[in-house]
Amino acid sequence: MRAIILVVFLALTTSCLAQDNDPNMGIIPAPSSVKKAKGKFMITPETSFLVDAPTQKAAIFLTNYLKKNGYNNTVVNANTMGRKPADVKNALMLLTNFKGNIPEEGYELKISGDQVVINGKGPGLFYGLQTLLQLIKEEKRGYASVPCGVITDAPRFAYRGMHLDVSRHFFSVDFIKKYIDVMAMYKLNNFHWHLTDDQGWRIEIKKYPKLTKVGSIRAQSKVGGYSGNNDGLFDNTSYSGFYTQDEIREVVNYAAERYINIVPEIEMPGHSMAAIAAYPILSCDPSKPYKVGENWGVYTDVYCPTDTTFRILSDILDEVMDLFPGKLIHIGGDECPKDAWKKSAFCQRLIADSALRDENGLQSYFIRRIERHLNASGRKMIGWDEILEGGLAPNADVMSWRGEEGGIAAAQLGHDVVMTPGSAGMYFDHAQSKSNQEPLSIGGFASLAHTYAYDPVPASLTPDQQKHIIGVQANLWTEYIATPAKAEYMLLPRMLALAEVAWSPLSAKNFNEFSARRIPGHLAMLESKGYNYRVPEVMGTSDTTLKGSDFKLELVAPVEGAKVYYTIDGYTPRETDLWYTEPLRITVPAGKAIELQSIIITPAGKRSNITKMTLDNSGK
Ligand code: TNX
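The present account deals with the structure reproduced in this document. (Residues numbered from 1 in each chain as written. Predicted model: local features only at pLDDT ≥ 70, side-chain atom pairs only at ≥ 80, totals over all residues. Heavy atoms only, no water.)

## Some thoughts on the nonpolar core
Item 1. Within the largest apolar cluster, 169 residues are counted, with the highest numbers of intra-cluster contacts made by Met 162, Trp 193 and Met 495.
Item 2. Counting residues per element, this core draws most heavily on helix α3 (residues 173-185), which supplies nine residues.
Item 3. In this structure Met 495 touches Met 162, Val 182, Met 183, Tyr 186, Leu 188 and Phe 428, once residues within four positions along its chain are discounted.
Item 4. Grouped together as the second largest cluster of nonpolar side chains are 11 residues, Val 263, Leu 328, Val 418 and Ile 470 included. (Core = buried A, V, L, I, M, F, W, Y, C linked by side-chain atoms within 4.5 Å. Buried < 20%, exposed > 50% of the residue type's maximum accessible area, 1.4 Å probe, protein only. Helix = DSSP H or I, 4+ residues; strand = E, 2+ residues; numbered from the N terminus. Contact = heavy atoms within 4.5 Å.)

Take a look at the structure:
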């Protein structure tokens, strides 16, 4: 019997990968509305670039973009040129002075053969420009084309966050800026900077210099995971790093130029070994020796809720608030074991004197006292969902990470919530596939599809309660991420899925279009900008067995410009192997099986996981 099995991914042909076939014109995150039109606007040395508000961040960003990308065109003030912008042909303009209403952070982008017009204000104008930059196709130096169309757009959520843990591993200011750059490209607007934890204190505090002098250095780090040969294995190498206050200010400004607010996190009362090692007086037993954490996980020594601790933490938070102008200050609050408080006579007395229920009540006392201090300076506290235990601080926002329950409970109590559940693909330290070809990770599983599928608004909330879901965030914890290349590998492309979760209306979301039509162009673009990313596997094949004798297989590269290489001889495919150029026709002799192994190799030499498909005609 001859069976013809046609494996075609989403019934797409190679040409369909071109973003011309994407109803969203290749834009990520998918806009609220896209109307494609025929024709192109051509950018040439004669094109006028006009702005009616030259001090707008978008105008400055455009000026820098032109300079950096080899255009000699200058940006002209539309108010002083003596003509109405609408009358200028071959012009690209950023306008704040438009008729009609555009929602907060929204924009309108109209591209015709004569003109490109972006209408918007502040962040909206900036996001319109980011969309435009995704549409620009360089032809040669100084020349580019933009496809015609009309886009109207505004975000679904006000809080669109990406987190980075710089305690477990430290990342340079240059890397932080690169991280902020890619966030801005995808319209994310909150960078959650996890600055302190057990394994390192990474922000200079002038009043308490030992926080960095002692607390930023650990004697050694855990090697690998906790099983097998790596069990109990340490690298015997000291590890350090912190940001000076000048560096912090530089990053805050850099982010603000891109409409990114920074949410600094100073962890308390748990995850505080680094600070306790620097100032043992912060602990419940100052006579014990402490060292900066060398292992990952959760430590049982935590801040003791004494007046001294509150004075020191208030001083620290005062310096933090001076550095970070944003409203939200993150105080952690997660994973605070109660062992030390149970043993402490001071804590037990405090529980009794303040009529607290138990140690959970004490945790809540701790958080409320810190909240009062932040509120007194006009700031809002945000913490991980454990701050709900023992009663939530009156004005706090909650970041729901242990599933959605904490977020749901907080929204029901009328608190604002940022959803970031690990179970829904928001933990970018989790592996991106179940393959053993993935690099070491903390475990867990968050594929691109899983991340993409998340909807942060729980159906169990009433419409009024749903308004308290102010947004969504993904977290990049770095226990097992020691290098910028690996951080980018774990970030990309999942952050692009997060961007659609955070920005796009549900009606515009479509995973097949996202992954097969939009992602390939974006990965090529990110590669050209020097980002590392996880190369998705070859499309059109998978780790499976197909039964039959005659096969026609259509393989597609998920990165524009990348090649598919394959073997049928059982060897690992590499660039010296067969290069896929047209649908494969493979006939398997009766009684035999052939293993088709395939890999993607990108122009820069990045490689995907290898996929093995068995074409089985053994008759078994
Ligand atoms: C839990 S998420 C933590 C972090 C770890 C992370 C690893 C949270 C609030 N606490 O300390 O790095 O898991 O996935």
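## Regarding the site of the ligand
Item 1. For the ligand, the full set of nearby residues is Arg 168, His 271, Asp 334, Glu 335, Trp 384, Trp 401, Tyr 427, Asp 429, Ile 442, Trp 477 and Glu 479.
Item 2. Between a nitrogen atom of the ligand and a side-chain N or O atom of Glu 335, the distance comes to 3.4 Å.
Item 3. Asp 429 is positioned such that a nitrogen or oxygen atom in its side chain is 2.6 Å from an oxygen atom of the ligand.
Item 4. In isolation the ligand offers 370 Å² of accessible surface; the protein chains occlude 92% of this area. (Near = heavy atom within 4 Å. Polar contact = N/O pair within 3.5 Å; in protein donor to acceptor, adjacent residues only side chain to side chain. Areas by Shrake-Rupley, 256 points an atom, 1.4 Å probe, with all protein chains shown as cover.)

## Here we look at helix α5 (residues 245-256)
Item 1. Between its first and last C-alpha atoms α5 spans 16 Å; for 12 residues at 1.5 Å apiece the expected length is 16 Å, and the two agree.
Item 2. Among the residues of α5, Gln 245, Ile 248, Val 251, Val 252, Tyr 254 and Ala 255 are the ones counted as buried.
Item 3. Of the surrounding secondary structure, the elements contacted by the buried residues of α5 are α3, β11 (190-194), β14 (261-268) and α7 (307-323). (Expected span 1.5 Å × (residues − 1).)

## Quick notes on the layout of surface pockets
Item 1. Taken as a whole, the largest pocket encloses approximately 1600 Å³ of empty space.
Item 2. Along the wall of the largest pocket there are 44 residues; nearest its centre are Leu 133, Gln 134, Leu 135, Ile 136 and Met 525.
Item 3. Going through the elements one at a time, β2 (33-43), α1 (57-68), α2 (123-135), β8 (137-140), β9 (143-153), α3 and α16 (511-528) are the ones with two or more residues in the lining of the largest pocket.
Item 4. The biggest single contributor to the lining of the largest pocket is α1, with six residues.
Item 5. Classifying every residue of the lining of the largest pocket by side-chain character gives 19 nonpolar, 11 polar and 14 charged.
Item 6. For the second largest pocket, the lining is made up of 27 residues, of which Arg 534, Pro 536, Glu 537, Val 538 and Met 539 are closest to its centre.
Item 7. Those elements giving two or more residues to the lining of the second largest pocket turn out to be α12 (448-452) and α16.
Item 8. Broken down by element, the lining of the second largest pocket gets its largest block of residues, three residues, from α16.
Item 9. Of the residues belonging to the lining of the second largest pocket, the class tally is 12 nonpolar, 11 polar and four charged.
Item 10. Each of two domains, domain 1 (1-25 + 515-620) and domain 3 (159-503), supplies a minimum of three residues to the lining of the second largest pocket. (1 Å grid on protein atoms, 1.4 Å probe; cavity = no way out; pocket = protein on both sides within 12 Å on 5 of 7 lines; lining within 4 Å. Points joined across faces, edges and corners; volume = space filled by probe spheres on them. Nonpolar A, V, L, I, M, F, W, Y, C, P; charged D, E, K, R; others polar. Domains from an automatic or database assignment.)

## Some points on the packing of α1 against α2
For any two helices packed against each other, one specifies the crossing angle of their axes together with the interaxial distance.
Item 1. Axis separation between α1 and α2 bottoms out at 9 Å; the angle between their running directions is 30°. Relative to α2, the element α1 is oriented roughly parallel. Contacts from Ala 58, Phe 61, Leu 62 and Tyr 65 of α1 reach α2 at Leu 125, Phe 126, Leu 129, Gln 130 and Leu 133.
Item 2. Here the contact of α1 with α2 is built from residues that sort into eight nonpolar, one polar and no charged. (Axes fitted to C-alpha atoms, helices over the stretch in contact; angles between N-to-C directions. Parallel < 35°, antiparallel > 145°, perpendicular 65-115°, else oblique.)

## Some words on unusual backbone geometry
Item 1. Residue Pro 29 is reached from Ile 28 by a cis peptide bond, and omega for that bond is -5°.
Item 2. The step from Met 268 to Pro 269 runs through a cis peptide bond, and the omega angle for that step is -15°.
Item 3. Of note, Pro 269 is situated in the loop between β14 and α6 (273-278).
Item 4. For Asn 236, which is not a glycine, the phi torsion comes out positive at approximately 55°.
Item 5. As for its position among the elements, Asn 236 is in the loop between α4 (210-213) and α5.
Item 6. Residue Asn 236 is classed as exposed on the basis of its relative accessible area of 66%.
Item 7. Its identity as a non-glycine residue notwithstanding, His 271 has a phi of 50°, on the positive side.

These figures capture arrangement, not role.
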